[in-house]
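Chains, contacts and geometry: an overview
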Amino acid sequence: KQWYQRRVAITAGEYKSYLRTMSDVADDIKKISITEGGKPNKKANKKEKQKGGGTNESNELSPWPSYIQDRITLFDKLYNEYQEFLKTVERKAIKITLPDGKVVEGESWTTTPYDVASGISAGLANNSVISKVNGVLWDLDRPLEGDCTVELLNFDSDQGKEVYWHSTAHVLGEAMERKFGGCLCYGPPIAEGFYYDMYMGPDMSVSEGDYAGLESIMKGIIKEKQPFQRLEMSKDDLLEMFKYNEFKCRIINNKITTPTTTVYRCGPLIDLCRGPHVRNTGKIKSLKVVKNSSTYWEGKADMESLQRIYGISFPDTKLMKEWKQFQEEAAKRDHRKIGLQQELFFFHELSAGSCFWLPRGARIYNTLVQWIQEEYNKRGFKEVVTPNMYNTKLWERSGHWQHYAENMFSFDVENEKYALKPMNCPGHCLMFGHRPRSWRELPLRLADFGVLHRNELSGALSGLTRVRRFQQDDAHIFCTPEQITDEIRGCLEFLNAVYTVIGFTYELKLSTRPEKYLGELSVWEEAESQLKKALDEFGAPWTVDPGDGAFYGPKIDITIRDALRRPHQCATIQLDFQLPIRFDLLYNAPDGTEKRPVIVHRAILGSVERMTGILTENFAGKWPFWLSPRQVMVVPVMPMFNDYATEICDKLHAKHFAIDCDLDNGSTLNKKVRNAQLAQYNFIFVCGEKEQNAGTVNVRTRDNQVHGEFTLEDVTEKLLRLRQSKSNTDCLDQ
C-alpha cells in the first residue's frame, strides 16, 4: 500500500525541481569561485565551464515536450481510481510456496514478492531482479492475488537479464524524450543489452556526439530511483494517452487484441508495455550507450525511417569492465576485419548481402562443405540438387507465401510470378511426391546445398552473419511416426560429431507445443514423447522450453558456444506434420494402406556463410591445419635454393595442400619467416644447402615452435595424418 501511495501528481517542471537534491545543489556551489570581496569570480567560473562543468551538459530540452505532462495527468487520474478500487478488494490469508517447498503465509493484494524475499534475507531481496509467480514473470512490488508459487530471479538468470535490460531501455526512452522530443516506438531487450527506436522526423538524426548527453540524463534518472508503476488501461484510454504518437496508436489498434493492456511509468516516462520491470531505476548501477543506427518502422523499407539507439547495463561496475574487455577482444576477432586482412572474402555494394569468396576463403568454404558431404555418406543421406526459382504457386501451397513473401525475391516471367527459393523444404516435398513411395524407402534422407536467397533489409546486413545469398547443409528426413526417435537420435549424434571436431560446446532445449498449433493433440503428444526419449537416449543434458515450438511441430533448439563463450544458434532439428498434409505426401504401408510421413527439418552447420564467420572469430584467424587457407610456406635461405623450394611446393600442392613459396630475393630469411607467421601459415619449411642435399626440410610453426628436420616424405605423411585427424592443434605427431 505504502509503495503505491508514494507518487504525487506534479507538473514536468515541478518534477525536475523536486528531484534536484541537496547534494546536487552542493555540487553546484562548489563550482562557484568566490573572490575575497564576496563576488563571483567570473574568470574562474568560465574556466570551470570550459572544463566540462557547464550546467546543461546533456542538452536536455527545456521545457520538455508538452505530451509528457498530458500523459502524467491522465495516468495519475486513472492510477488514483485504481488505488480506490484496491481499497474495496477483499484481503485474505494466502499460502506462498517457495522453490524448496517451504510455505510462507501472506495476505492477498498486500504481500509482494519483495516482501517474501525480505522475509528470507535482505541480501536476497536486494539481489533479486524479478520474480516468477505461478511460472509467470511478476514485478517484485506487485501484490500477490492468491495462493501461489514464488521464484526469485537475479541478474545471472536469462530472464533476469531480459527484465533488467528491458527496464534500462525505459530509462533510455525517458532520456531520449527529454533530449530529442520525438515519438518513441519499440524498445525491447535483445541478446546483449537493449535498444529504443524513435521517430524524429525526416531532418533529425542521432550521432555519436549525443551519447554523453544521453548517458548524463540516464545517470540522473538512476540517481532519482524512479519506481516502476504498473497500470492496466482500456484501449480507449490508451489511444487518448498516446494520441500524439502515431506509432503507439498503430500498435494499440493493430497489435492489441484484448480489451485492456498495461502501461509502465518511471518518472515522466509512461510507455505501452507488458513488463515486468525492476523495482526502481536505482537498481541499474552501470550503463553505456554503445551505438546507433537508422531503421524502418517494423523493418519495412516503405515505412518511416527511425533512429535506433543501443545500450548495455549491469548491476555491478565490475561486470561493465569485463564487458568492455570482452568487446575489445571481440573487435580484434571481427570476421569482417580478418576476412579482409587474410583475403578470404569481401562484399560490394553492387550485390549487397552477397559474399565474394576469394580463393583462400573459397577453400575454407569448400572444405566445410566436403566435410559434411563425407558425413552424409557415412550416415545414409542422399544429396540432391533442386531448382533455384519456383512459381509462387509452390510457396502458396507450402504456406510460405502468406507469411514470408516480403522476405523473398520475386519477379515476373511470362505473366507468371516466380521467386528465388529461401528454403529447400517445398522442393524436397515435390521430390518425395513425384512418384509413389513405399515404406521400404523410409527413412528417406535428402540433403541439399542449394543456393538460397532471402530479402534481408540493407540495414540488417552484417558481414557473413546476416546475408541475402547463402548455402546451408540443409536436409529433410521423410520417415514414419515410429521412426522419429531413431532419426532424432541420429541427428543429435551427427551434430555432436561435428561440434566436437570444431571444439564447440552446446546446449539442447526441447521446444514444445505452442498455444496456437496445427494438427491433432494426440499426434503432438506422441511426437514430443519421442523427442524426449531421443534426448534421454542421447545422454546430454537438456531442458524444456514450454510452448516455444513451431506451429507445425515441436523442435530441438541447439545453442553453441564459441571460444569467447558467445551463444550462436546454427543447428536445427524440427518435426513437421503440416507440409506432408499440404503436399498430400503418402507412402504405402506394410498393411497395404496409405499413410502420411513425418518430415524432420535438419541442419548442423546451418548457413555455411554464417558458420564461416563464427569460425573466423572463434579461431581469431588462426585456422587449424585441416581448415587453413594457408597451411605451409616454403622459405629458401638464399636465391640459389629457390628451385628446391619450388620442387617442394609442387610436390605438396599435388597432395592438395594450401602451400606457397616465398621467392622474394629482396627479403631476409628472418623477414620471410616473420611474414609467414603473421600471415598465419601453420608451418614454415626452411630449406638451404643442407636440406637440399639431404632431401629434407626444416620445420617450424607460426608460434615459432621448431620441430626440426624431416625428409619430405616423412613430413608429407605427417601432414596428411594431421589433415585427416581434423585436429584443432598443429601437432605433427597425430
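It should be noted that the structure appears before, not after, this text.
An account of the accompanying structure is given in this report.

Calculation rules
Residues numbered from 1 in each chain as written. Predicted model: local features only at pLDDT ≥ 70, side-chain atom pairs only at ≥ 80, totals over all residues. Heavy atoms only, no water. Helix = DSSP H or I, 4+ residues; strand = E, 2+ residues; numbered from the N terminus. Buried < 20%, exposed > 50% of the residue type's maximum accessible area, 1.4 Å probe, protein only. Contact = heavy atoms within 4.5 Å. Areas by Shrake-Rupley, 256 points an atom, 1.4 Å probe, with all protein chains shown as cover. Lys, Arg positive; Asp, Glu negative; His and termini not counted. Charge placed at Lys NZ, Arg CZ, Asp CG, Glu CD. Core = buried A, V, L, I, M, F, W, Y, C linked by side-chain atoms within 4.5 Å. Axes fitted to C-alpha atoms, helices over the stretch in contact; angles between N-to-C directions. Parallel < 35°, antiparallel > 145°, perpendicular 65-115°, else oblique. Left-handed = near helix turned anticlockwise from the far one by under 90°. Nonpolar A, V, L, I, M, F, W, Y, C, P; charged D, E, K, R; others polar. Phe/Tyr/Trp six-rings, centres within 6.5 Å; stacked < 30°, edge-to-face > 60°. Lys NZ or Arg CZ within 6 Å of the ring centre and 35° of its normal. Expected span 1.5 Å × (residues − 1). Arc of directions from axis to C-beta. Polar contact = N/O pair within 3.5 Å; in protein donor to acceptor, adjacent residues only side chain to side chain. Pairing = 2+ DSSP bridges. Right-handed = clockwise from strand over helix to strand, strands pointing away.

Attention now moves to the overall build of the chain. Scanning the chain from terminus to terminus reveals 24 helices and 35 strands. Oriented by its inertia axes, the alpha-carbon framework of the chain measures out at about 90 × 90 × 65 Å. Expressed as a percentage of the 734 residues in the chain, the buried residues total 49%. Within the chain, counting contacts between residues at least 6 apart in sequence, those at least 24 apart form 67% of the total. Just so you have it, the chain exposes about 36000 Å², and 49% of that area is on carbon and sulfur atoms. For the chain, the centre of its 97 positive side-chain charges and the centre of its 100 negative side-chain charges are spaced 4 Å apart.

Glancing now at the nonpolar core. Ile488, Tyr499 and Ile556 are the most contacted members of the largest nonpolar core, which totals 56 residues. Top element by residues in this core is helix α17 (residues 484-502). It accounts for 9 residues. Setting aside residues up to four positions removed in sequence, Ile556 forms contacts with Ile488, Leu492, Leu508, Lys509, Leu510, Leu531, Leu535, Thr572 and Ile573. By size, the runner-up hydrophobic cluster in this structure holds 39 residues, among which are Phe155, Leu184, Phe194 and Leu287.

Turning our attention to the packing of α17 against helix α18 (residues 521-538). Look at α17 against α18: their axes get within 8 Å of each other, and the N-to-C directions meet at 45°. Judged by the angle between their axes, α17 and α18 are oblique. The element α17 and its partner α18 pack so that their crossing is right-handed. Of α18, the residues touching α17 (which contributes Ile484, Thr485, Ile488, Arg489, Leu492, Glu493 and Asn496) are Gln530, Leu531, Lys533, Ala534, Leu535, Glu537 and Phe538. Residue composition of the contact of α17 with α18, grouped by class: 7 nonpolar, 3 polar and 4 charged.

Time to look at the packing of aromatic side chains. Aromatic rings considered in pairs are described by the distance between their centres and by the relative angle of their planes. A full pass over the atoms with the stated rule returns 30 aromatic pairs. Look at Phe432 and Phe478: their rings are 4.7 Å apart centre to centre, the planes differ by 20°, and that puts the pair in the stacked class. Of the two residues, Phe432 sits in helix α16 (residues 425-433) while Phe478 sits in strand β22 (residues 469-479), which places them 46 residues apart along the sequence. Owing to a relative accessible area of 0%, Phe478 belongs among the buried residues under this scheme. The interplanar angle of 55° and the centroid separation of 6.1 Å between the aromatic rings of Phe619 and Trp623 together place this pair among those described as tilted. Side by side, Phe619 and Trp623 carry an identical accessibility label, which is buried. Taken together through their ring pairs, the aromatic side chains of Phe155, Tyr164, Trp165 and Phe314 make up a single cluster. When the ring centre of Phe432 is taken as origin, the NZ or CZ atom of Arg437, which lies over that ring, is 5.3 Å away.

A word on helix α21 (residues 642-653). Between the first and last C-alpha of α21 there are 16 Å, a value that for 12 residues agrees with the 16 Å anticipated at 1.5 Å per step. Inspection of α21 places Asn642, Tyr644, Ala645, Ile648, Cys649 and Leu652 among the buried residues, and these make up the whole buried set. On an axial view of α21, the arc spanned by its buried residues comes to 165°, and they lie on one face. Where α21 is buried, its residues touch β31 (632-636), β32 (659-661), β33 (683-687), α23 (689-694), β34 (696-701) and α24 (712-725).

Time to look at the side chain of Gln631. Mapped onto the secondary structure, Gln631 falls in the loop between α20 (608-618) and β31. Classification of Gln631 as buried rests on a relative accessible area of 0%. At 2.7 Å, the side chain of Gln631 and the backbone nitrogen of Ala658 are in polar contact. Aside from chain neighbours lying at most four places away, what touches Gln631 is Arg363, Phe625, Trp626, His656, Phe657, Ala658, Tyr681, Asn682, Phe683 and Arg723.

On to the sheet that holds strand β9 (residues 229-234), then. Spatially, the 3 strands line up as an open sheet ordered β9-β10-β11, and their pairing is antiparallel. Of all strands in the sheet, those with a lone pairing partner are β9 and β11 (269-272), marking the two edges. In this sheet, adjacent strand axes meet at a mean angle of 30° when their direction is disregarded. Sheet topology note: the strand β10 (residues 260-266)/β11 ladder contains 4 bridges and is antiparallel. Counted as the bridge partner of Tyr264 is Asp271 from β11. Strand contacts of helix α7 (residues 158-180): β10 and β11, with the helix running at about 120° to β11, the strand carrying the most contacts.

With that out of the way, let us pick up the sheet that holds strand β5 (residues 148-153). The 5 strands are arranged β2-β1-β5-β3-β4 in an open sheet whose pairing can be described as mixed. The open sheet has two edge strands with one neighbour each: β2 (103-107) and β4 (136-138). Neighbouring strand axes in the sheet, compared pairwise and without regard to direction, differ in orientation by 40° on average. The pairing of strand β1 (residues 93-97) with β5 spans 2 bridges and is classified as parallel. Residue Ile96 lies in a different strand from β5, and its bridge partner there is Cys148. Taken strand by strand, helix α5 (residues 113-120) contacts β1, β2, β3 (130-133), β4 and β5, and its axis lies near 70° from that of β5.

One way to put it is that helix α13 (residues 359-379) packs onto α20 with a least axis distance of 10 Å and a crossing angle of 115°. By the criterion of interaxial angle, the relationship of α13 to α20 is roughly perpendicular. Judged by the sense of rotation from one axis to the other, the crossing of α13 with α20 is right-handed. Of α20, the residues touching α13 (which contributes Ile364, Tyr365, Leu368 and Val369) are Val608, Glu609, Thr612 and Leu615. In terms of residue class, the contact of α13 with α20 is built from 6 nonpolar, 1 polar and 1 charged.

What follows covers unusual backbone geometry. Cis geometry is adopted by the peptide bond preceding Pro276, which originates at Gly275 and carries an omega value of -5°. Following the sequence through the fold, Pro276 ends up in the loop between β11 and β12 (286-296). In the segment running from Leu442 into Pro443, the intervening peptide bond is cis, with an omega of 0°. Position of Pro443 relative to the elements: it lies in the loop between α16 and β20 (444-448). The backbone of Glu343 shows a phi angle near 55°, a positive value even though the residue is not glycine. If you trace the backbone, Glu343 turns up in the loop between α12 (335-341) and β14 (345-346). Phi at Ala620 is positive, roughly 55°, even though this residue is not glycine. In this structure, Ala620 sits in the loop between α20 and β31.

What follows is about the pairing of strand β24 (residues 542-545). Bridge count between strand β23 (residues 505-511) and β24: 4 bridges; the pairing is parallel. If you follow Ser511 over to β24, its bridge partner there is Asp545. Note on the crossover from β23 through α18 to β24: the handedness is right-handed.

For the rest of this paragraph, the subject is the environment of Asp548. Inspection of the secondary structure puts Asp548 in the loop between β24 and β25 (555-561). Note: C-alpha distance between Asp548 and Ala330 (218 residues apart in sequence) is 31 Å. Those residues within four positions of Asp548 in sequence are excluded, and the remaining contacts are Ser511, Thr512, Lys555 and Asp557.

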